[in-house]
Amino acid sequence: MSDNHATPRPTRQPFCSVYAPLLPLLHSGELAEQEQASVEAHLADCAWCQNQLTTFDIVDAALRWHYASEPKETASAASLGSGSHPGMRPDLTLEDIMKADQKQASTTSAQQLPSPARHQPARMTKIAALGTIAAVLLITILAAVLFAQRGAPSHSAGPRPTSTPANPTATATPTGPTVLFQNSLASPPDSSWPNDPSIGCFFAGGSFHAKQIMNCGIPASVSYSEPTGMYENADITVQVKQIGGPATGSYGIGLGNTVQWDRFDIESTGKWSFLDCQGANCTAIVSPTASAAIRTGLGATNTLEVRVVSNHFDFFVNGTKVGQADDINYLNRSGQFALDGSDTIEVVFNNLKIATAS
Amino acid sequence: MREPSTASPAITAEFASILERTQRPLRSFVRGLVGSAEQASDIVQDVFVDAWRTAQISKAPFDGNGDELAIRRWLFHVAYRRAAAVWRHNHVLHFESLEVTPALQLDRFYEPVPFEDRIAEGELLRKALAELGPQDAVCLLLNVVQGFTAMEIASILDIGPVAAKKRLARAKHRLRDAYFEESRARGTEARL
């Protein structure tokens, strides 16, 4: 509030524009040794940059003060004023986690993670309720379509994997391919699709872009529409084109969840691969393998298709089968779907079609 | 139905220790992203359920190798993903230019915030963070509060190290500008 500083306003010097962009990183230890030395040398004689640096330090300190770990005794801390945060709860125990795990496993029939067992605020309850209503409506519509086309759904002949959530009403498998979702991706199919340039997943120029991001998770409106609730009987086709970044980057279709997922990818160099990923760490089930079916180079459009039945995958590029693989871990993963790309490239997707594989 | 836990006693004990050590920093990190302690607690619980499932099948990084840094990266990565999804659903994303924000024109020399202003400062900071995109906010919180390097942030966010460093610098500019603009707008020039 004080406006009574006698200190004259520092003036910007000619070289300030060179050093100013480096100031935010000076105290983060992220500058190269040479950069650090030259910035410090400049700072010694520049009040304007010293002023700038101080402002970064003030905000950093405030950030640390307010967002460092909460006190362990959260219940008592809740009455301490600025150090407390409304909604803070006691620390979780392993027992809480195991209970939440059991509850999620027993109530997840459509692979949508339910609200935690112990904590379920009203907001999350509303979201869960809306999601349930949407899922019921979707299943009803799908059932109606199936009945209209085939009279009644047949049942899967083979036993379901034991890790699959038990839901007898959700294991019906149509006797022939059924289109579950089809969209040109020229614009967002609905408001739940990710569409934000700042996160790298967005619609522009008549395509869905994945820019410098590992994957763009596709929303529940698509992820959970497959009748079994998991992508264990699915045929996914999408057109993809790399428009930026090195040709060694890979891109394609991801299946699994945000933690554990499988990727069927191609590179613009003409290779395809199948990866088993734990977050960002991927190991190759099928190492990058050249295929003449893949159109190469930036700007080349390829149509990818992955057919998955149980834990067996068949891979196609431009209508040609390029390979197949099995991943036993796949059955432990919840059924979500993503369009993915390496973090150094930009790819665009069009004409997504999801059908049953059988 | 999920099968009973198959994790070994050693992994179970290690997991309990990880839970004890990391849940509070993780919760404060998520709170910085979603703005709500309530939602942060929900997200953190879900993150640890994911982690527990991974530990039960002894998969990296919960395979008993004691790689604490890898575990921290994994937890923050999953927390970020979940928090970003909540952020999107909350419709609080802001569409902003990717250009670095021009330097703020400062009229005065800033002084440290008095302790009694902490509550107002916390609210200012919360609003300023909400104005950043999730990837900017996450870079800041990971670096400034949690002490991750740009290289580690790159690994957590699945981006390149150069991109992580750029985002960090940009985020610091944006947060500072938003913070002091908000401060001015409120007339709380005690900070100036």
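For the structure itself, look to the data block above.
With that settled, consider the overall build of chain A. Scanning chain A from N- to C-terminus turns up eight helices and 14 strands. Each of the 358 residues in chain A was classed as buried or not, and the buried ones make up 50%. Expressed as a percentage of contacts within chain A between residues at least 6 apart in sequence, the contacts between residues at least 24 apart total 59%. On chain A, roughly 15,800 Å² of surface is accessible, and the fraction owed to carbon and sulfur atoms is 57%.

Time to look at the pattern of salt bridges. Throughout the structure, instances matching the rule amount to 19 salt bridges over all chains. Notably, a salt bridge pairs A:D265 with A:R263, separated by 2.6 Å at the nearest N-O pair. On the accessibility criterion, A:R263 (3% relative accessible area) is buried. B:D177 is paired through a salt bridge with B:R176; the nearest N and O atoms lie 3.2 Å apart.

Our next topic: the environment of B:N143. Note on placement: B:N143 falls in helix α5 (residues 134-145). C-alpha separation for the pair B:N143 and B:L168, spaced 25 residues apart in sequence, amounts to 7.9 Å. If near-sequence neighbours (up to four positions away) are discounted, B:N143 is found in contact with A:S28, A:E30, B:F148, B:I153, B:L168 and B:K172.

This next bit is on the side chain of A:E305. Residues and elements named next belong to chain A. Turning to its location among the elements, E305 is positioned in strand β10 (residues 301-309). Note on E305: relative accessible area 14%, which makes it buried. Separated by 3.1 Å, the side chains of E305 and R307 make a polar contact. In contact with E305, not counting residues within four places along its chain, are D235, I236, T237, F264, D314, F315 and F316.

This brings us to unusual backbone geometry. Here the residue pair B:A60 and B:P61 is connected by a cis peptide bond, since its omega of 0° sits within 30 degrees of zero. Considering the arrangement of structural elements, one finds B:P61 in the loop between α2 (37-56) and α3 (68-89). Phi at A:L185 is positive, roughly 60°, even though this residue is not glycine. Position of A:L185 among the secondary structure elements: in the loop between β1 (179-183) and β2 (201-204). On the accessibility criterion, A:L185 (0% relative accessible area) is buried. The phi dihedral of A:N318 is positive, around 50°, even though this residue is not glycine. Take A:N318: it is sitting in the loop between β11 (312-317) and β12 (320-326).

What follows covers the state of the cysteines. Scanning the entire structure with this criterion turns up zero disulfides over all chains. We note that A:C16 lacks a disulfide partner, and the nearest cysteine sulfur, in A:C46, lies 3.3 Å from it.

In this section: the packing of helix α6 (residues 150-157) of chain B against helix α7 (residues 161-186) of chain B. Residue and element names in this part refer to chain B. Close contact between α6 and α7 brings their axes to 8 Å; oriented N to C, the two are set at 105°. It follows that α6 is roughly perpendicular to α7 by the angle criterion. On α7, the residues touching A150, M151, I153 and A154 of α6 are P161, A164 and K165.

With that settled, the discussion passes to the packing of aromatic side chains. As enumerated under the stated definition, the model contains 14 aromatic pairs over all chains in all. Ring geometry for A:F274 against A:F313: centres 4.8 Å apart, planes inclined by 50°, an arrangement best described as tilted. Residue A:F274 is located in strand β8 (residues 271-278), and its partner A:F313 is located in strand β11; the two are separated by 39 residues in the primary sequence. Given a relative accessible area of 1%, A:F274 falls into the buried group. Note on A:F313: relative accessible area 0%, which makes it buried. When the centroid spacing of 4.9 Å and the interplanar angle of 90° are considered together, the rings of B:F62 and B:W74 count as edge-to-face.

Cut-offs applied
Along every chain, residues carry numbers that run from 1 in the direction the sequence is written. Ligands are numbered from 1 and chains lettered from A, in the order in which they are written. Residue-level local features of this predicted model are given only where pLDDT is at least 70; pairs of side-chain atoms are given and counted only at 80 or more, and the full residue set underlies all totals for whole chains, interfaces and linings. As a rule here, side-chain values cover all heavy atoms of the structure and leave hydrogens and water aside. Think of it this way: any DSSP run of H or I at least four residues long counts as a helix, any run of E at least two long counts as a strand, and we number them from the N terminus. Each residue's exposure class comes from its accessible area (1.4 Å probe, protein chains only) as a fraction of the maximum for that residue type: buried when under 20%, exposed when over 50%, partly exposed otherwise. By definition in these notes, contact holds between two residues if any of their heavy atoms fall within 4.5 Å. For the accessible areas, the method is Shrake-Rupley and the probe is 1.4 Å, while residue cover comes only from the protein chains on display. What makes a salt bridge here is a side-chain nitrogen of Lys or Arg within 4 Å of a carboxyl oxygen of Asp or Glu, nothing more. N or O atoms within 3.5 Å of each other form a polar contact, as long as, within protein, one can give a hydrogen and the other can take it, and as long as residues adjacent in sequence are counted only when both atoms are side-chain atoms. Any two cysteine sulfur atoms within 2.5 Å of one another count as a disulfide. For every element, the axis is a line fit to its C-alpha atoms; helices are fit only across the contacting stretch, and the angle between N-to-C directions ranges from 0 to 180 degrees. Any angle from 65 to 115 degrees is called roughly perpendicular, while one under 35 is roughly parallel, one over 145 is roughly antiparallel, and all others are oblique. Any two of the Phe, Tyr and Trp rings considered here, Trp counted by its six-membered ring, make a pair once their centres fall within 6.5 Å; the pair's planes then place it as stacked at under 30 degrees, edge-to-face at over 60, or tilted in between.

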